[in-house]
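Read off the chains here:
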Amino acid sequence: MAVILDGAAVAKKILQKIASEIAQLKITPKLAIVFVGNDPASEIYIKNKLLAAKSIGIGLELVKFPSETPLEVILQSIGTLNVDRSINGIIVQSPLPDEFMQNIVFNSISPEKDVDGFCSVSIAKLVRGSRDGFIPCTPLGIYTLLREYGINLFGKHVAVIGRGNIVGRPLSLLLSQKSPDLNATVTLCHSATENLKAITQLADIIVVAIGRKFFLRRDMVKPGAVAIDVGINRESSDDPSKKYKIFGDMDFEDLKDICSAITPVPGGVGPMTIAMLMQNTLEATKMQMTKAGGANRNRTDG
Ligand code: GUN
């Protein structure tokens, strides 16, 4: 039976640590979330971010726009948040109504407040392996969860399935960085990958981030491999007390006795992503305080 990588428990511990650090700060860190449209999954993610922020003393400002809002209006709002000294971190909830717009909007966030790590400066730093940029929250959460359970990445073969800009691609960049705690050999697999099974069967660690229920099955996995499930697939529930049921990109029951370790869905990578967002927001706040003269700043905002 695999070790269950309990992201919910690890995230809770990290959030407690962040809360005690925030209690020592002279200011209340504040995160702005820009939300365009009404994607139901995004609404749930935002609610979870809001609850986590509130529980640890991070202030949250939700800036909502209807889906037909012109790009210039969104850019102007981000411009205002960029120069607002009471705001320490800014994220734009993905997906936006179109991908072209998404890239422009992500790029308009000041790198100092880019706590999701999606702007070009943050991505360039990740590509170069410099450690002073913000790392996207899900890749950082996966790395942190593996480290917490003592799962070594050095020299290991990691198969990442999914090349999306939020998880797969930045994760492949992070894990392959030249560093004693990383140094993995990463194969980034995607929809055009030929003979995927031959690749995953070689992997020591498999990460799936494609949004397809139960995509990874036991015949694709080497015995003893570590399985990390990033999928959140919602289906309406038969249980009248619940609106929907969540499934991962892996068939947990099928995999749990062939893997050495596995993340559950829910309660695996999801809570880690939120904890890392809070961690990045704290880091952004501390950096901005240092730059602005630290304790000499006189702020009373919440
Ligand atoms: N949509 C799904 N995951 C994420 C995330 O980590 N950040 C943002 N901004 N949008 C998302």
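Scroll up to find the structure.
In every chain, residue numbers begin from 1 and rise along the written sequence. Given that this is a predicted model, residues contribute local features only at a pLDDT of at least 70 and side-chain atom pairs are listed and counted only at 80 or more, while totals for whole chains, interfaces and linings are drawn from all residues. For the side-chain quantities, the full set of heavy atoms in the structure was used; hydrogens and water were omitted.

A.B. asks: I'm lost on empty space enclosed by the protein in this one. Help?
C.D. replies: Rolling a probe over the atoms, with the probe sized like a water molecule, indicates the empty space that remains. Buried and open spaces are told apart on a 1 Å grid over the protein atoms alone, a cavity being a set of points where a 1.4 Å probe fits but cannot get out and a pocket being an open set with protein on both sides within 12 Å along at least five of seven lines. Residues with an atom within 4 Å of a point are the lining residues. Grid points are joined across faces, edges and corners, and a volume is the space filled by probe spheres set on the points. Applying the stated rule across the entire model yields 2 cavities of 30 Å³ or more. By volume, the largest cavity amounts to about 40 Å³. Around the largest cavity, the lining residues are Ser122, Lys125, Leu126, Ser130, Arg131, Gly133, Phe134, Ile135 and Gln177. Here the term charged refers only to Asp, Glu, Lys and Arg, the term nonpolar to Ala, Val, Leu, Ile, Met, Phe, Trp, Tyr, Cys and Pro, and the term polar to all other amino acids, Gly among them. In the lining of the largest cavity, the residues fall into 3 nonpolar, 4 polar and 2 charged.

A.B. asks: Could you clarify how one ought to interpret the packing of aromatic side chains in this entry?
C.D. replies: The geometry of an aromatic ring pair comes down to the distance between the two centres and the angle between the two planes. Each aromatic pair joins two rings of Phe, Tyr and Trp (for Trp, the six-membered one) with centres within 6.5 Å, and gets the label stacked for planes under 30 degrees apart, edge-to-face for over 60, and tilted for any other angle. Per the stated rule, a full pass over the model turns up 2 aromatic pairs. Residues Phe214 and Phe247 carry aromatic rings whose centres are separated by 5.6 Å and whose planes lie at 90 degrees to one another, so their mutual orientation is edge-to-face. Taken together, the residues span a long stretch of sequence, with Phe214 in the loop between β7 (205-208) and β8 (226-229) and Phe247 in strand β10 (residues 244-247) at a distance of 33 residues. Each residue is assigned to one of three classes by its accessible area relative to the maximum for its type, calculated with a 1.4 Å probe on protein chains only: buried under 20%, partly exposed between the two thresholds, exposed over 50%. Among the residues examined, Phe214 registers a relative accessible area of 32% and is labelled partly exposed. Note on criteria: charge over ring means Lys NZ or Arg CZ within 6 Å of the ring centre, with the direction from the centre no more than 35 degrees off the ring normal. Stacked on the ring of Phe247, the Lys or Arg Lys213 has its end atom at 3.9 Å from the ring centre. Cation over ring: Arg234 sits above Tyr244, and NZ or CZ is 5.2 Å from the ring centre. For the purposes of this entry, the term helix denotes a DSSP run of H or I that reaches at least four residues, the term strand denotes a run of E that reaches at least two, and both are numbered from the N terminus.

A.B. asks: Help me understand the site of the ligand, please; the structure alone is not making it clear to me.
C.D. replies: In the vicinity of the ligand, the contacting residues are Tyr45, Lys49, Val92, Gln93, Ser94, Asp116, Phe118 and Ile166. Nitrogen and oxygen atoms within 3.5 Å of one another constitute a polar contact, given that in protein one can donate a hydrogen and the other can accept it, and given that sequence-neighbouring residues count only through two side-chain atoms. A distance of 2.8 Å separates a nitrogen atom of the ligand from a polar atom in the backbone of Val92. Contacts to the ligand include Gln93, whose side-chain N or O atom sits 3.3 Å from a nitrogen atom. Protein contacts shield 86% of the accessible area of the ligand, which totals 280 Å² for the unbound molecule. When the residues that make up the shell around the ligand are grouped by side-chain class, the tally is 4 nonpolar, 2 polar and 2 charged. Here a residue is near a molecule or strand as soon as one of its heavy atoms is found within 4 Å of it. Method for areas: the Shrake-Rupley scheme with a 1.4 Å probe, in which residue coverage is limited to the protein chains shown.

A.B. asks: Please explain the layout of surface pockets as it appears in this structure.
C.D. replies: Estimated volume of the second largest pocket: approximately 690 Å³. Residue lining of the second largest pocket: 29 residues in total, with Phe134, Leu140, Gln279, Asn280 and Glu283 positioned closest to the centre. Looking at the lining of the second largest pocket, the elements that each hand over two or more residues are α1 (7-24), α5 (120-128), α6 (137-148) and α10 (269-291). At 7 residues, α10 tops the list of elements feeding residues into the lining of the second largest pocket. Counted by class, the lining of the second largest pocket contains 12 nonpolar, 6 polar and 11 charged residues.

A.B. asks: Honestly, the packing of helix α3 (residues 71-83) against helix α4 (residues 99-107) in this entry has me stumped. Any pointers?
C.D. replies: The packing of two helices is summarised by the inter-axis angle and the distance between the axes. In this description, a line fitted to the C-alpha atoms serves as the axis of each element, helices being fitted only across the stretch in contact, and the angle between N-to-C directions of two axes falls anywhere from 0 to 180 degrees. Contact geometry for α3 and α4: axes closest at 10 Å, N-to-C directions at 20 degrees. Overall, the two elements α3 and α4 adopt an arrangement that is roughly parallel. Once α3 is placed against α4, the crossing between them reads as right-handed. Every residue of α4 that contacts α3 at Leu71, Ile74, Leu75 and Ile78 is listed here: Met101, Ile104 and Val105. Class assignment of the residues belonging to the contact of α3 with α4 gives a composition of 7 nonpolar, no polar and no charged. Angles below 35 degrees are treated as roughly parallel, those above 145 as roughly antiparallel, those between 65 and 115 as roughly perpendicular, and all remaining angles as oblique. Throughout, a crossing is termed right-handed when the near helix is turned clockwise from the far one, and left-handed when it is turned anticlockwise from it by less than a right angle. The contact criterion used is simple: two residues touch if any of their non-hydrogen atoms lie within 4.5 Å.

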